[in-house]
Amino acid sequence: MLLVGWEVGVRLSDLPAFVLPPPSQVARTAVEVAPLLGDDVATTLTEAGLGLLVGAVVGLLLAVLIAAFPLVSDTVYPLVTLTQTVPTVVLAPLLILWAGFGLLPKVVLVALTAFFPVLVASVTAMAAVDAEHAEMVAGLGGTRRHQFWLVQLPASVPGALGGLRVAATYAIGAAVVAEYLAGQSGLGVFVQRSRKGYEVDQILVAVALVAGLTGLLFLLVDGLARLATPWQRPSSTPRPGRTPA
Amino acid sequence: MRHGPMTSSLSTEAPPTSTPALEVAGLTVTFPGAREVVALQDVDLQVRVGEFVAVVGPSGCGKSTLLRVLAGLTPAGARVSGRTTVGPATAWMPQRDGLLPWRRALPNALVGARIAGQDRATADARARELFDEFGLTGFERAWTHELSGGMRQRLALLRTCLPGRPVLLLDEPFGALDAITRRRMNAWLAGVDLAGHGRAVVLVTHDVDEALLLADRVVVLSDRPGRVVLDLRVPRDGTDGARRSLLEALDPEGTS
């Protein structure tokens, strides 16, 4: 419906193609440029994937430190939150200055975007540990170390994965922005080039690609998350409440 | 099968039954605040090795608090005075099962053994034996939400027994179950030698029949503040008289 309306609207109003091309033209362009986009897509996916991985690991480690040491929680957590107030566009030039034009600054930028949702979700999950479980461990003579390994850490997994799902939706976008600002390859570079040539149809192809890749990445992370938390899989047997044993 | 102090199965492994497994003298627990609550007052309790003691009392009489103090889980902010001598280690089983949803049944059973630092292979083998005794064979790989209420409680009890702590502290282990399941659980538990092998058990319950069925001795706590009003050895032949004295102690005014 939307596409048909767009097509009809553009044709009726006689808009020039460098303002808004009709979807049929975008589709044609997509087919034309598809063979050329392989490298760009590969670059963007590499940056997003690596960044997401680094961000998730850093986020989880930091969450563990925050949960284990109140001092870290008091000093580092507010600082980390502060870094999130700085927009990517401002950070990117700095990162390029420090880390060059290659893969590294992009990965760092994606990681910076991705680690925060993972961190917040994990910290929240660890803080909200069921008192019942903590007491059970203490009642069996468990120390703080046992509490951490047996209860806190595993209890944080679903939360951390929830954060990772959120991070996955940001990752591709962050990579594209980083490339747009300074890159040699990637979808962001493709957008940059297209903009300079007023090739709006190509920009729209990139937009669709970013949305599609983000969707794919999200599905992938979601699938991994389900695999990692099998106890949360809806069981085929009905949940037995107080059935006689 | 009830274990009196002279039961033969104890004499092989257990030290003499006069050895106290835990002892509490003049225990008073207060929760300070605008309205100070005295949960327990001057409670004396001695449990010998090989003994199964049930603590009964009306709800809110502090029996769970007593168990928590014995388990070293003194509630935050509580003021505790008196002398508590508990053996080297206790294993406490909460009212709710406390099973970890991210562990399957067998790994859940091993939590206590892991805390006790037991060898993994030995604990695993022992756990599988107990799965049989506790009627859980075939459910080793089940997630906890796939188990029935009765199975969950048995699994929690298994987890509590497995580390081989000398004192088991059970807080209404079957309190959350329906009446039929609870009766079955009690019938089954009466046949399990919990207090054997040099162990001692303290069971908290509000069910007089459960106490009489399972315990060698029943201690009755009064309404808040909890005080020991009766300490009764359960006779091995016919519990009707014991039942009557327990009910009288629980309801001194005879309102029921």
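Just so we're clear, the structure is a prediction, and the values are computed from it rather than from any experiment.

## Details of the overall build of chain B
- The secondary structure content of chain B amounts to 9 helices and 9 strands.
- By principal-axis analysis of the C-alpha atoms, chain B measures approximately 50 × 45 × 35 Å.
- In chain B, once contacts between residues fewer than 6 apart in sequence are set aside, the share between residues at least 24 apart is 71%.
- A distance of 6 Å separates the average location of the 30 positive side-chain charges in chain B from that of its 29 negative side-chain charges.

## What to know about the packing of aromatic side chains
- Scanning the entire structure with this criterion turns up 4 aromatic pairs over all chains.
- Taking 6.3 Å as the distance between ring centres and 70° as the angle between the ring planes, the aromatic pair formed by A:Phe115 and A:Phe116 counts as edge-to-face. Take A:Phe115 and A:Phe116: they sit in the same class, and that class is buried.
- Ring geometry for A:Trp231 versus B:Trp143: centroids 6.3 Å apart, planes at 55°, classification tilted. Of this pair, A:Trp231 sits in the segment after helix H9 (200-228) while B:Trp143 sits in the loop between helix H5 (120-133) and helix H6 (149-161), which puts the two residues in different chains. B:Trp143 shares its class with A:Trp231; the two are buried.

## Some thoughts on the environment of A:His133
- As for its placement among the helices and strands, A:His133 is situated in helix H6 (residues 131-139).
- On the basis of relative accessible area, A:His133 is assigned to the buried category, the value being 7%.
- For the pair A:His133 and A:Leu150, spaced 17 residues apart in the sequence, the C-alpha separation amounts to 9.2 Å.
- Apart from the residues lying within four places of it in its own chain, the contact partners of A:His133 are A:Val151, B:Gly98, B:Leu99, B:Leu100, B:Pro101 and B:Trp102.

## As for the sheet that holds strand E4 (residues 79-86) of chain B
Residue and element names in this part refer to chain B.
- Read from one edge of the open sheet, 3 strands run E2-E1-E4, paired in antiparallel fashion. Strands at the two margins of the open sheet, each flanked by one partner only, are strand E2 (37-48) and E4. For this sheet, the mean angle separating the axes of adjacent strands, direction not counted, is 5°.
- On the sheet, helix H2 (residues 63-71) packs against strand E1 (20-31), E2 and E4 and is oriented at approximately 120° with respect to E1.

## Things to note about the side chain of B:Glu140
Residues and elements named next belong to chain B.
- Within the secondary structure, Glu140 is located in the loop between H5 and H6.
- Of the side chains with opposite charge, Arg128 comes closest to the buried, unpaired Glu140, at an N-O distance of 4.7 Å.
- A distance of 2.9 Å separates a polar side-chain atom of Glu140 from the backbone nitrogen of Gly138.
- The contact partners of Glu140, leaving out residues within four places of it in the chain, are Arg104, Ala105, Leu106, Pro107, Arg128 and Phe131.

## Notes on the interface of chain B and chain A
- In this complex, chain B contributes 35 residues to the contact, which on the side of chain A involves 28 residues.
- With both chains or domains summed, chain B and chain A bury close to 2700 Å², and 61% of this area falls on carbon and sulfur atoms.
- In terms of surface lost to chain A, no three residues of chain B exceed B:Trp102, B:Ile115 and B:His145, which account for 27% of the buried area on that side.
- Among the salt bridges present, the one from A:Glu132 reaches B:Arg96, with a minimum N-O distance of 2.7 Å.
- Our count for the contact surface shared by chain B and chain A stands at 8 residue pairs in polar contact (both at pLDDT 80 or more).
- Its residues assigned to classes, the side of chain B that touches chain A shows 15 nonpolar, 9 polar and 11 charged.

## What to know about the pattern of salt bridges
Residues and elements named next belong to chain A.
- Under the definition given, this model contains 16 salt bridges over all chains.
- A salt bridge links Asp222 to Arg226; the nearest nitrogen and oxygen atoms lie 3.4 Å apart. Placement of the pair is Asp222 and Arg226 together in helix H9, with a separation of 4 residues, close to one helical turn.

## Brief notes about the pairing of strand E8 (residues 217-221) of chain B
All names here are of chain B.
- In terms of burial, E8 is a largely internal element, 5 of the 5 residues being buried.
- Bridge count between strand E3 (residues 52-56) and E8: 4 bridges; the pairing is parallel. The residue of E8 that forms the bridge with Ala54 is Val218.
- Both E8 and strand E9 (residues 228-233) contribute to a ladder of 5 bridges, which runs antiparallel. For Val218, the partnering residue across the bridge sits in E9 and is Leu232.

## Details of the confidence of the model for chain A
All names here are of chain A.
- In this model, chain A carries a mean pLDDT of 85, and residues with pLDDT of at least 70 account for 95%.
- Confidence, read as mean pLDDT per element, is least for helix H4 (residues 88-99) in chain A (80) and greatest for H6 (91).
- Low pLDDT (under 50) marks residues 235-245, which in the prediction has 25 contacts with non-local residues, meaning those over four places away or in another chain.

## Describing the confidence of the model for chain B
All names here are of chain B.
- Here chain B averages 84 in pLDDT, while 91% of its residues score no lower than 70.
- Mean pLDDT across the elements of chain B ranges from a minimum in helix H1 (residues 8-13), with 36, to a maximum in helix H3 (residues 105-109), with 95.
- Scored below 50 in pLDDT, residues 1-16 makes 31 contacts in the model with residues more than four places away or belonging to other chains.
- The ipTM for the predicted assembly is 0.83, set against a pTM of 0.79.

Calculation notes
Residue positions are given per chain, counted from 1 along the sequence in the order it is written. Here every chain gets a letter starting at A, and every ligand a number starting at 1, in the order they are written. Only residues with pLDDT of 70 or above have their local features reported here, since the model is predicted, and side-chain atom pairs are shown and tallied only from 80 upward, although totals for entire chains, interfaces and linings are computed over all residues. Side-chain measures were taken over the full set of non-hydrogen atoms in the model, leaving aside hydrogen atoms and water. Helix and strand assignments follow DSSP, with helices taken as H or I runs no shorter than four residues and strands as E runs no shorter than two, numbered in order from the N terminus. Contacts were defined at the residue level, with two residues in contact if any of their heavy atoms lie within 4.5 Å. The charged-residue count follows a simple rule in which Lys and Arg add positive charge and Asp and Glu add negative charge, with His and chain termini not counted at all. Where a charge sits is defined by one atom per residue type, namely NZ (Lys), CZ (Arg), CG (Asp) or CD (Glu). Aromatic rings from Phe, Tyr and Trp, taking only the six-membered ring of Trp, are treated as a pair when their centres fall within 6.5 Å; an angle between ring planes under 30 degrees marks them as stacked, one over 60 as edge-to-face, and anything in between as tilted. For every residue, the accessible area (1.4 Å probe, protein chains only) is compared with the maximum for its type, and the residue is labelled buried under 20%, exposed over 50%, or partly exposed between those bounds. Pairing between strands is defined by DSSP: at least two bridges between the two strands are required. Lines are fitted to the C-alpha atoms to define the axes, a helix being fitted only along its stretch in contact, and any angle between axes, read from their N-to-C directions, falls within 0 to 180 degrees. We define a salt bridge as a contact between a side-chain nitrogen of Lys or Arg and a carboxyl oxygen of Asp or Glu at a distance within 4 Å. Nitrogen and oxygen atoms within 3.5 Å of one another constitute a polar contact, given that in protein one can donate a hydrogen and the other can accept it, and given that sequence-neighbouring residues count only through two side-chain atoms. What gets called buried area is simply the loss in accessible area from a 1.4 Å probe that two parts show on being joined, summed for both. All residues other than Ala, Val, Leu, Ile, Met, Phe, Trp, Tyr, Cys, Pro, Asp, Glu, Lys and Arg, Gly among them, are scored as polar; the first ten of these are nonpolar and the last four charged. Per-residue confidence from the predictor is reported as pLDDT, a score between 0 and 100.

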